[in-house]
Amino acid sequence: MKIRTLHIVDGESTGGSVRRARLGTKRNLLSWRDALYTGPVPRGLTHRRLSQLRSRFWNGKSDREFDQRDATLAHHANYDEIVLRFGLTSICQLSLIQLMHWFDKHSRDNTRLRLVSAYGGWLRPEQILQAYANRRPITPSQMRLGRRAWLAFCSSTPKALSQLLAGDLRALPEIRDTIAFLLREYPERHSGLSRLERKLLRTVDSLGITTPAVTVGTTLHSELVGDTLLFDILRGFITVPHPLLSVAGPFKGTPRNYQFNGSLIQITDTGRMVLAGKADNITLNGIDRWIGGVHLSGHHVRWRWDERGTAIMSQRDVN
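Keep in mind that this is a model prediction, so the values were computed, not measured.

Novice: Go over the layout of surface pockets with me, naming the residues and quoting the values.
Specialist: Space inside the second largest pocket adds up to approximately 410 Å³. Surrounding the second largest pocket, 16 residues form its lining, Glu-12, Leu-29, Leu-30, Ser-31 and Gln-68 being those nearest its centre. Within the residue set of the lining of the second largest pocket, elements represented by two or more residues are helix H1 (12-20), strand E2 (29-31) and helix H3 (67-74).

Novice: Lay out the pairing of strand E4 (residues 81-85) in plain terms, naming residues and giving numbers.
Specialist: Within E4, five of the five residues are buried, leaving the element largely enclosed by the surrounding structure. Burial along E4 is two-sided: the residues Glu-81, Val-83 and Arg-85 and Ile-82 and Leu-84 are all buried. One ladder, built from five bridges, connects strand E1 (residues 5-9) with E4; its direction is parallel. Paired with Ile-8 across the strands is Leu-84, a residue of E4. As paired strands, E4 and strand E5 (residues 113-116) are joined by four bridges and run parallel to one another. Across the sheet, Ile-82 pairs through a bridge with Leu-113, a residue of E5. For the segment spanning E4, helix H4 (residues 90-106) and E5, crossover handedness is right-handed.

Novice: Just give me the short version of the nonpolar core, but keep the residues and values in it.
Specialist: Counting residues in hydrophobic clusters, the biggest one holds 73 residues, and the most contacted among them are Ile-8, Leu-84, Phe-103, Tyr-186, Phe-237 and Leu-245. No other element matches H4, which puts eight residues into this core. Among residues more than four places away in sequence, those in contact with Phe-103 are Ile-8, Leu-73, His-76, Ile-82, Leu-84, Asn-110, Leu-113 and Met-143. In terms of nonpolar packing, the next biggest core, distinct from the first, is built from ten residues, Ala-21, Leu-23, Val-116 and Tyr-132 among them.

Novice: Could you give me a rundown of the sheet that holds strand E3 (residues 39-40), with the residues and numbers involved?
Specialist: Pairing is mixed across the open sheet formed by three strands, whose spatial order is E3-E9-E10. Across the chains shown, the open sheet's two edge strands, defined by having one partner strand only, are E3 and strand E10 (294-298).

Novice: Any chance you could break down the sheet that holds strand E6 (residues 136-137) for me, citing the residues and the numbers?
Specialist: Picture the strands of a sheet paired through backbone hydrogen bonds; they go either parallel or antiparallel. Spatially, five strands are ordered E2-E1-E4-E5-E6 in an open sheet, and the strand pairing comes out mixed. If you trace the sheet from one side to the other, it starts and ends with E2 and E6, each paired once. Where H3 meets the sheet, it contacts E1 and E2, and its direction lies at approximately 135° from that of E2.

Novice: Just give me the short version of empty space enclosed by the protein, but keep the residues and values in it.
Specialist: The tally for this structure, following the rule as stated, stands at one cavity of 30 Å³ or more. Space inside the largest cavity adds up to approximately 30 Å³. What lines the largest cavity is simply Leu-94, Ile-97, Ala-149, Phe-153, Leu-161, Leu-164, Ile-175, Thr-178, Ile-179 and Leu-182. Among the secondary structure elements, those contributing two or more residues to the lining of the largest cavity are H4, helix H6 (140-154), helix H7 (159-165) and helix H8 (175-183). When residues of the lining of the largest cavity are assigned to their parent elements, the largest contribution, four residues, is made by H8. Split by residue class, the lining of the largest cavity holds nine nonpolar, one polar and no charged.

Novice: Describe the pattern of salt bridges, with residues and values.
Specialist: It is possible for side chains of opposite charge to pair when their charged atoms get near one another. One pass over the full model with this rule turns up 22 salt bridges. Linking Asp-63 and Arg-56 is a salt bridge whose minimum nitrogen-to-oxygen distance equals 3.7 Å. The exposure class assigned to Asp-63 is partly exposed, which follows from its relative accessible area of 25%. Across the pair Arg-235 and Asp-232 runs a salt bridge whose closest N-O atoms are separated by 3.2 Å. Taken together, the residues span about one helical turn, with Arg-235 and Asp-232 both in helix H11 (residues 227-239) at a distance of three residues. Residue classification places Asp-232 among the partly exposed positions, given a relative accessible area of 42%. Members of the salt-bridge network, linked through shared partners, are Glu-12, Arg-33 and Glu-65.

Here is what the cut-offs are and how they apply
Residues numbered from 1 in each chain as written. Predicted model: local features only at pLDDT ≥ 70, side-chain atom pairs only at ≥ 80, totals over all residues. Heavy atoms only, no water. 1 Å grid on protein atoms, 1.4 Å probe; cavity = no way out; pocket = protein on both sides within 12 Å on 5 of 7 lines; lining within 4 Å. Points joined across faces, edges and corners; volume = space filled by probe spheres on them. Helix = DSSP H or I, 4+ residues; strand = E, 2+ residues; numbered from the N terminus. Buried < 20%, exposed > 50% of the residue type's maximum accessible area, 1.4 Å probe, protein only. Pairing = 2+ DSSP bridges. Right-handed = clockwise from strand over helix to strand, strands pointing away. Core = buried A, V, L, I, M, F, W, Y, C linked by side-chain atoms within 4.5 Å. Contact = heavy atoms within 4.5 Å. Axes fitted to C-alpha atoms, helices over the stretch in contact; angles between N-to-C directions. Nonpolar A, V, L, I, M, F, W, Y, C, P; charged D, E, K, R; others polar. Salt bridge = Lys/Arg side-chain N within 4 Å of Asp/Glu carboxyl O.

Nothing here speaks to function; it is geometry throughout.
Okay, structure coming up:
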């Protein structure tokens, strides 16, 4: 008797690889498309309410973006095994722990869960088949850690993530880098910039006059994040009250449309001061950003990242 398998994958690219390997079809392939490292993920919402919130975050209007995805997930009991195919990047690991938390709450039989820790978008069909052959059951200790990590990510303070980072993560060793990535996205204590923001600003500064497309392309050589996030950061640098970047040549469009990607940009004097830690971007321009369940807003935030101490500091410690 053929085993009925549901493949839950980390995006359309991996889904395409699974289809080319003839392991999955539309009926048994579920793409988990949500870059959870950006936008609100507050604790205490049902999965449906969170899906609606995430849908509105991505498209601005409809709260139905994930309805079909969640409907497929709700019928998980129709399958003999469920294979979670998620790579080692932050976006993949956050989706993985979200699913572990969901199955922990909604499934009566988690012995059907299998894990493939590889980004399938880069694999050839024969490699996809080999990865499937090497799948491993998800253990109770992995499920417990996945649930703890998800609840810590959704917490309204970064304390739970910091505490988790200091604990035993051997059940899911890849989650360590994801937690470190998230904590370093908090505003740095002197500049008020996250790690990615500092990296983008340094790139523009080093290139002189360049384009957003070149800046993002250069950054993606060493960062496994979505390009949409990076372009949005660059747009924000230009549109804030005290710009960190400026348009360096004739430009008829606006930073909000795709033409911005090919425009000429350069760092401003304010941008150099902020990058050097001699001015604070949050004091100057404010912030409105979510990291999991933490909403950073206004011109004063409680939590900062201390690069020297490699730890989150409260405003009390900063002062």
